[in-house]
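# Analysis of the macromolecular model
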Amino acid sequence: MTSARNSRPDSPSAAGVKSAERALDLMEYLATRRTGATFPQISQDLSLPKSSLHGLLTTLVNRGWLYLDEESRRYRIGMRVWETAQSFGYLDNLAHHADRHLTAARDELDETVQLAVLDGIDNVYIAKVEADHPLRLVSRVGMRLPAYATGLGKVLLAGLEPADLHARLRGVTMRRFTEHTITSLELLEERIGEIRERGFGEDDGEYTPGVFCVAVPVRDASGRIVAAMSCSVPRARLTGGREHRDRLVNTLSRHAEGLSRELGWTGADRYAGIPS
């Protein structure tokens, strides 16, 4: 398959990539100039054709990504950049609130506990508290993994409306990471249905061989699932069978409920998990 960068110069995809690169170059340039820059300065410093630059600036100003001071005729970063950055502030706040709940669950279970959010069809780790065991997991804060291949991810997918879930998964090729990875949309939807029924998800070596994981949802004040909390255990330490698994689920659910209530959730007296 030919990439956009290797498309013919006059193709729509090549033109789109070029415009996107110029817009990003422009944003990065202005982000380093607190007092902004004039049209001639920008054109000279970025070596952009004046006709193309005029169109980019007009679009970015109209959409709020840039601000034009009519008096000085200087362009600066606009409010939309600040508004977008607040989403990262929200994640920082969520991770901050989660820390003591993750730590308490880790101390109780003596296993690694993690928190992730959904981005597209990936789960992104925003907090992690390691166990004292020498074996370490591949995950780290900031890392993203395909949601269909993790317990965390499947819980997050289960929190989506069916139409949204189908839209996100449409045309997605599910890569096989281990012999246990789900690579069928039908099987994934079946597992998601099970998660909605029982209120927790599992990952039995689907991304990392020999690692078992259980995950439960975290809700915000509206009841929406905004994150998932998980505990990962090497199969060699999962010695108690179903009773061991149930202990992991019950402990995680208790701490996920505590975090959810801290985020404003005021649902049923008993933490209901996935079903609304």
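Data block above holds the structure.
Residues numbered from 1 in each chain as written. Predicted model: local features only at pLDDT ≥ 70, side-chain atom pairs only at ≥ 80, totals over all residues. Heavy atoms only, no water.

### Things to note about the overall build of the protein
Operational definition: For the purposes of this entry, the term helix denotes a DSSP run of H or I that reaches at least four residues, the term strand denotes a run of E that reaches at least two, and both are numbered from the N terminus. Here's how the labels work: a residue is buried when its accessible area is under 20% of the maximum for its type, exposed when over 50%, partly exposed in between, all with a 1.4 Å probe on protein chains only. By the convention used here, residues are in contact when the closest approach between their heavy atoms is within 4.5 Å. Methods summary: accessible areas were calculated by the Shrake-Rupley approach with a probe of 1.4 Å, and residue burial reflects only the protein chains presented.
A count of helices and strands for the protein gives eight helices and nine strands. A burial count over the protein gives 43% of its 276 residues as buried. Long-range contacts, defined here as pairs at least 24 residues apart, represent 56% of the contacts in the protein between residues at least 6 apart. Surface summary for the protein: the accessible area is close to 15,200 Å², and the carbon and sulfur share equals 51%.

### Section: helix α7 (residues 185–198)
Definition in use: Under the convention used throughout, the expected extent of a helix is 1.5 Å for every residue step, that is, one less than its residue count. Comment: arc refers to directions from the helix axis out to C-beta atoms.
Over its 14 residues, α7 runs 20 Å from end to end, which matches the ideal 20 Å to within 8%, given 1.5 Å per residue. Among all positions of α7, only L188, I192 and I195 are buried. In a view along the axis of α7, the buried residues occupy a sector of 55°, so they form one face of it. In α7, the exposed positions that point more than 90 degrees away from the buried face belong to E186 and E197. On the buried face of α7, the contacting elements are α5 (151–158), α6 (162–169) and β7 (201–204). Two residues or fewer after α7 comes G199, characterised by a positive phi angle close to 90°.

### Focus on the packing of helix α2 (residues 39–46) against helix α3 (residues 50–62)
A packed helix pair is summarised by two numbers, namely the angle formed by the two axes and the spacing between the axes. Put simply, the test is: To get an axis, fit a line to the C-alpha atoms, keeping to the stretch in contact for a helix; angles then go from 0 to 180 degrees between the N-to-C directions. Should an angle fall under 35 degrees it is taken as roughly parallel, and over 145 as roughly antiparallel, whereas 65 to 115 is taken as roughly perpendicular and any remaining angle as oblique. Definitions for this section: a left-handed crossing has its near helix turned counterclockwise from the far helix by less than a right angle. A right-handed crossing has that turn clockwise.
Packing of α2 against α3 leaves a shortest axis separation of 10 Å and a crossing angle of 120°. When the interaxial angle is binned, α2 and α3 end up oblique. Considering only the axes of α2 and α3, their crossing is right-handed. Counted together, F39, I42 and S43 of α2 and K50, L53, H54 and L57 of α3 form the full contact between these two elements.

### Some points on the packing of aromatic side chains
To describe a pair of aromatic rings, you give the distance between the ring centres and the angle between the ring planes. To keep it simple, the criterion reads: Aromatic pairing here means that ring centres of Phe, Tyr or Trp (its six-membered ring) are within 6.5 Å. Orientation follows from the plane angle: under 30 degrees is stacked, over 60 is edge-to-face, and everything else is tilted.
Overall, the coordinates contain one aromatic pair when judged by the stated rule. Ring centres of F177 and Y207 lie 4.7 Å apart, and the angle between their planes is 55°; on these two criteria the pair is classed as tilted. Of this pair, F177 sits in the loop between α6 and α7 while Y207 is found in the loop between β7 and β8 (211–219), placing the two residues 30 residues apart along the sequence. Look at Y207 and you get partly exposed, because its relative accessible area is 22%.

### A short note on the sheet that holds β8
Spelled out, the test is: Two strands are counted as paired when DSSP detects at least two bridges linking them.
Spatial strand order, β6-β5-β4-β9-β8-β7: six strands in an open sheet with antiparallel pairing. Among the strands making up the open sheet, the edge pair consists of β6 (144–146) and β7. Going from strand to strand, the sheet's axes swing by 30° on average, the running direction of each strand aside. Note: strand β4 (residues 112–119) against strand β9 (residues 225–234), five bridges, orientation antiparallel. Looking across to β9, one finds that V113 is bridged to C231.

### So, unusual backbone geometry
The backbone phi angle of S47 is positive, close to 55°, even though this residue is not glycine. Mapped onto the fold, S47 is located in the loop between α2 and α3.

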